[in-house]
Amino acid sequence: MNLGGNIPYHPTYRQLMKRTILVWLILSVQAVWAQPRQVVISQIKALIAQGEKAESTHDNTRAIGFYQQALNLSHKAQLPAYSILLCVDIGILKSQLTQVSEALTYLRRANEYYHTFREKSVRRRFMIDYSFAIVHIGLTQLDSATHYFNQCSYLIKTHNDSLKSFNHYLDLYYLERSYLAQETMNFTESIALNEEAIRRYKARNKTDDGSGNHYNSLGKSYAALGQFARADSAFSRAATLYASTPLFEAIILCNLTDSQVQQGRASAGAQTLQRAQQAYKRYQRQTGETDADVERRLRQNRAGVYLAQGNLPRAEAAFNELLTFCAKYFPMPSGFRVDAYLSMSRLYEQQRNPAAVRKALDAAVREAYGPRATSPEQAVLPRSLVSALTARADFLARTPAPSPTERAANAREALTTYEQAIDLVASLRRGALLPESKAFLAAKAAPLFEPALSLCYELAQQPTQTDVYTRKAFALFDRFQNSLLADAQLEQRLMRQYLPAPMQAEWRRLSQRLSQLRLVRETGNPATEAELNQTEKSLIEWQQRTDRTHPQYRQALSRVTQLSMTDYQTVLQPGEALLCYAPTPAGLLVLALHKRGALFRRLPVSPAGLDQALSRYRAEVSRNPGIVGSYDNRPGQAVYKLLLAPIRAQLPDLTALTVVPPPNWQIPFEALETQAGRWLLQDVDVGYQFNLSGRLLPPDPVQTRHEALSFAPFAADTGRSPFRMPNGFLLRSLRASAEEATLPDGQSWLGKAASKQRFLEDAQHTRLLLVTTHTYPGPRETALVFHPAETDYLLYPSELQHADLRSVGLAALSACATEKGVQLPGDGVHSLGRAMAWAGAQSVTCSWFNVNDEAQALLARHFFPKLNNGQSIRENWRQARLEFLASPDANRYSGHPHWWAGVALYGGHTPFEPESASIPGWLIGLLAGSAGISGWRLLSRKDRAKKSGL
């Protein structure tokens, strides 16, 4: 068909013409609209400029007004990019004015604009998440702030290229997150954040001249950790970078002065203080203004310098001037006023004026308590109170008295004060937000136990007070090295056993919130104080409700938290003694508890002499005799004479010994020699405990699917080629682990089937858990190695401790050095063995040092068949090793304890009770098949010792 011309007809031609006309109409409309749209954008930019000018003069209210006008225009003009930016700016300014609910409203509005905007910019998402974190910090909702900062961190990792030039908000993120880390006492993270910010700035600008804030924050974190040389370097660089901003320069120089004074560098501190005063005078000349906080810090530094110089009269006058100034300008309780009183106490001590010292220390404690607190847990300044109580206790403990009566009174008061400080730290750490915060608080408490225990011993020498202070020492010993484990057992095991899930969740929410508020209440924010009071009230109501509805939980909690020697004596077996050790400068404190009473002694052993003896024994007992040669028994005999001979002389009927050793000892007591050629194991049943309260916890009635569950990822039949980890670490086949894994009558996973994922899924459903594998010594933790067929095959204690292993009656870790790890002051060693106990396992075997897989398989032959015989696990473990010592295999290598003493049993005081009481059929076969000839062949092969760390 032809329409009368040369244009042929096509079916789509008419549609094409319609579209062309439509596009022309749209372009025409846009051309008409473009001019007023550009006018709106110009108006928005002008308002933003006015807001930024008001903001630069700290007139936030006026700045918010300009930004709100701009937001109204951008909203009407449908400009979401501007709307997001303006909502974020208004939200942050509102939070600075403590109008946090309104701030959250604007940020949520920014979030809505973001989700309706077609362009999902990474920068806008980062800006919104950062702002949410800042507002939640203002609300002291630190867990929420951490969540949003984690979102920012994820964006940096996954979209680094998109954020590379987003300099302003990246710098703010690193700085504010480092401040949050300092607030929660995670100083290591704060250091890492500031160093990363400085590195990024240098890479971007080829200089660090814009990193003054980060250097200052870095210096504060280093100073908090006592790394003063690094702190001084960071403060000095920050002061140089802020030389053109005199107020900031003065603040940073005050920080540097404080660091130098803490080091006792009085001359350097005086010079830095003079520079700070000059910088502050320049600020006054330039602005005509004053800054009360900087003037307070200058006065504080001046007093500290005089004290460090030994100029006591001028120091006293400066401190009094400081306190007068603070009373006028800072009427609320403050940490710096506590510090001033503590400094004055040191001044008066140098003047030998004990009455004035005591007066200053009491003032420091009152200041930290606040006007209404009636207990340490209610203190307005809890962290400052820990310092004040510690200083008062230290003074009372070391102050001589004119008479024994006055000395005893001072010692009693000092002990009570130490206990208050320890209890306060425990209260703070139980709900602390981060593990690093818990570790920092534990480190604050760790130095308090030694003087407290020494005072217990001193007071116990009074004939009428022996029992009272021995009992106090017993309670302190439980918290001496393993507070973290005790906290975890209380929180996880008792609650999971006695309380329903909703009540557990409510307690965790309230206690964590209470701890967060206590940690930041030093800010003096009235809203924080009001919320803290309400949270304390809610927690009390929760406790009262729990007492009514679940009285058995309160009874169990009281029994463990108020640890009683009498209660503990009821669980001791006849002939059993519990041994606790605490090294002190005056000697080694030992508490031996038995059925009939307790011995509390101080052995005349110096710390240096003890460390030397333990090091020699540890080195001798752990070395591989197949490489080095015969065993030297002299170090073991020397350690026995130091640690045990004086105790056994007073307990002649001792048949069982349970040791709660200091975590840094790492020695097998059972391999000590009582006389030439006779091991302690042959005379006494030796076992261990991570802490005291754990033995009083009842087992959880948890149903299981498996009688036994074994994992052997490197069994011999899974391939002979070693696996090389990305860092070059070799994982060789463990030939004997296949046999060991099949000894228990249950499910065995070998080779690729022994994966980490399967372990985490199935381990919570068994009574007997056996893992025979390698370990990998990471930089901070030692990990169990599962089969590397999957990318995630390393299980670290920090992950293992959160598993639910309440059903596990015995967790057997047949691997090297599973009790090695980072020693945390006040918390013990963060090891795989302790992580098993934290997760709920009732008994754990773990190794002090590197062990041999073939020797462990042979010991397992003697051990696992005995488990169901009705005797305690530890007695069966002892008998298995005695049978090994009596076999030809032991004689083959001169009975070197490397073969049999490297694995310790923690717990195991009761029989292993499987859900089915019937005797399994494999028991008779194993007893018949464990003849010596097979064992001889097992150990006569070439020694396939697990290499260092395996």
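This one's a predicted model, so the numbers in the text were calculated from it and none came from an experiment.

1. Digging into the nonpolar core
Residues F477, L578 and F600 are the most contacted members of the largest nonpolar core, which totals 77 residues. The residues contacting L578, other than those within four sequence positions of it, are F474, Y568, L572, L591, A592, L593, T658, V660, Q689 and L692. Counting 73 residues, the second largest nonpolar core, distinct from the first, contains L588, Y617, A839 and W900.

2. A short note on the sheet that holds strand β14 (residues 782-785)
Reading across the sheet, the three strands line up as β13-β14-β15 and stay open at both edges, with antiparallel pairing between neighbours. Strands at the two margins of the open sheet, each flanked by one partner only, are β13 (775-777) and β15 (794-795). Both β14 and β15 contribute to a ladder of two bridges, which runs antiparallel. Bridged to V785 within β15 is L794.

3. A few points about the pattern of salt bridges
Across all of its chains, the model carries 35 salt bridges by this definition. Between R204 and D171 there is a salt bridge whose closest N-O contact spans 3.5 Å. Of this pair, R204 sits in helix α9 (residues 187-205) while D171 sits in helix α8 (residues 167-183), placing them 33 residues apart in sequence. According to the relative accessible area criterion, D171 is buried, its value standing at 19%. With a shortest N-O distance of 2.7 Å, E196 and R199 are connected by a salt bridge. In this pair, E196 and R199 are both assigned in helix α9, three residues apart and thus about one turn of the helix distant. With a relative accessible area of 47%, R199 lands in the partly exposed category.

4. Overview of the packing of aromatic side chains
By the definition in use, this model includes 28 aromatic pairs. Where W679 meets W900, the ring centres are 5.5 Å apart and the plane angle is 65 degrees; that geometry is what we call edge-to-face. Note that W679 is positioned in strand β6 (residues 678-679) and W900 in the loop between α37 (888-892) and β20 (903-906), a separation of 221 residues in sequence. Across the pair, W900 and W679 agree in class, each one buried. Look at F759 and F786: their rings are 5.1 Å apart centre to centre, the planes differ by 45 degrees, and that puts the pair in the tilted class. With F759 in helix α32 (residues 756-762) and F786 in the loop between β14 and β15, the pair connects residues that are 27 residues apart, well separated along the chain. Neither residue differs from the other here; F759 and F786 are each classed as buried.

5. Digging into the confidence of the model for the protein chain
On average, residues of the protein chain score 82 in pLDDT, and 84% of them reach the 70 mark or higher. Here residues 1-16 is modelled with pLDDT under 50, and outside its nearest four sequence neighbours on either side it reaches two contacts, counting other chains as well. In this model residues 29-34 is a low-confidence stretch, pLDDT under 50, and it forms zero contacts with partners more than four residues away in sequence or in other chains.

6. Describing helix α21 (residues 466-480)
If you check α21, its first and last C-alpha atoms are 20 Å apart, about what 15 residues at 1.5 Å a residue would give, namely 21 Å. Regarding α21, the residues found buried are Y469, T470, A473, F474, L476, F477, D478 and F480.

7. Describing the UniProt feature "repeat: TPR" (unreviewed entry) in the protein chain
This chain's UniProt record puts "repeat: TPR" (unreviewed entry) on residues 212-245. Between the C-alpha atoms that bound residues 212-245 there is a distance of 11 Å. The span itself is 79% helix and 0% strand.

8. With respect to the packing of helix α3 (residues 80-96) against helix α5 (residues 122-138)
Orientation of α3 relative to α5, taken along the N-to-C sense of each, is 15 degrees, at an axis distance of 10 Å. Relative to α5, α3 is oriented roughly parallel. α3 and α5 meet at a crossing whose hand is left-handed. Seen from α3, the contacting residues are A81, I84, L85, V88, G91, I92 and S95; seen from α5, they are R124, M127, I128, Y130, S131, I134 and V135. Residue composition of the contact of α3 with α5, by class: 10 nonpolar, three polar and one charged.

9. Some details on the environment of E349
Within the fold, E349 resides in helix α16 (residues 335-350). Classification of E349 as partly exposed rests on a relative accessible area of 29%. Spatially, the C-alpha atoms of E349 and F395 are 9.0 Å apart, while their sequence positions differ by 46 residues.

10. Observations concerning the side chain of T417
The topology assignment puts T417 in helix α19 (residues 404-430). Residue classification places T417 among the buried residues on the basis of a relative accessible area of 2%. Excluding residues within four positions of it along the chain, T417 makes contact with L389, R392 and A393.

11. Looking at the packing of α8 against helix α10 (residues 212-224)
Here α8 crosses α10 at 15 degrees, and the two axes come no closer than 10 Å. Overall, the two elements α8 and α10 adopt an arrangement that is roughly parallel. Our pair here, α8 against α10, has a crossing hand that is left-handed. Two secondary-structure elements touch here, α8 through D171, Y174, L175, S178, Y179 and Q182 and α10 through N213, H214, S217, K220 and S221. Per-class residue counts for the contact of α8 with α10 are three nonpolar, six polar and two charged.

12. What to know about the pairing of β20
Alternating residues of β20 divide into V903 and L905 and A904 and Y906, and every residue in both groups is buried. Note that strand β19 (residues 844-847) and β20 share four bridges and pair antiparallel. Residue pairing in the sheet places V844 in a bridge with Y906 of β20.

13. Side note on the environment of P400
For P400, the position within the fold is in the loop between α18 (382-398) and α19. Counting along the chain gives 10 residues from P400 to N410, while the straight-line C-alpha distance between them is 9.0 Å.

14. Regarding the pairing of strand β2 (residues 587-594)
The element β2 is largely enclosed, with a buried count of eight among its eight residues. Of the strand pairs in this sheet, strand β1 (residues 576-584) and β2 are connected by eight bridges, and their pairing is antiparallel. The residue bridging A577 from the neighbouring strand is H594, located in β2. Connecting β1 to the next strand, β2, in antiparallel fashion are two residues. In terms of strand pairing, β2 meets strand β3 (residues 597-603) through seven bridges, oriented antiparallel. Bridge pairing links A592 to L599 in β3.

What counts and what doesn't
Residues numbered from 1 in each chain as written. Predicted model: local features only at pLDDT ≥ 70, side-chain atom pairs only at ≥ 80, totals over all residues. Heavy atoms only, no water. Core = buried A, V, L, I, M, F, W, Y, C linked by side-chain atoms within 4.5 Å. Buried < 20%, exposed > 50% of the residue type's maximum accessible area, 1.4 Å probe, protein only. Contact = heavy atoms within 4.5 Å. Pairing = 2+ DSSP bridges. Helix = DSSP H or I, 4+ residues; strand = E, 2+ residues; numbered from the N terminus. Salt bridge = Lys/Arg side-chain N within 4 Å of Asp/Glu carboxyl O. Phe/Tyr/Trp six-rings, centres within 6.5 Å; stacked < 30°, edge-to-face > 60°. pLDDT = per-residue confidence, 0-100. Expected span 1.5 Å × (residues − 1). UniProt positions renumbered as here; feature names shortened; annotations may be inferred. Axes fitted to C-alpha atoms, helices over the stretch in contact; angles between N-to-C directions. Parallel < 35°, antiparallel > 145°, perpendicular 65-115°, else oblique. Left-handed = near helix turned anticlockwise from the far one by under 90°. Nonpolar A, V, L, I, M, F, W, Y, C, P; charged D, E, K, R; others polar.

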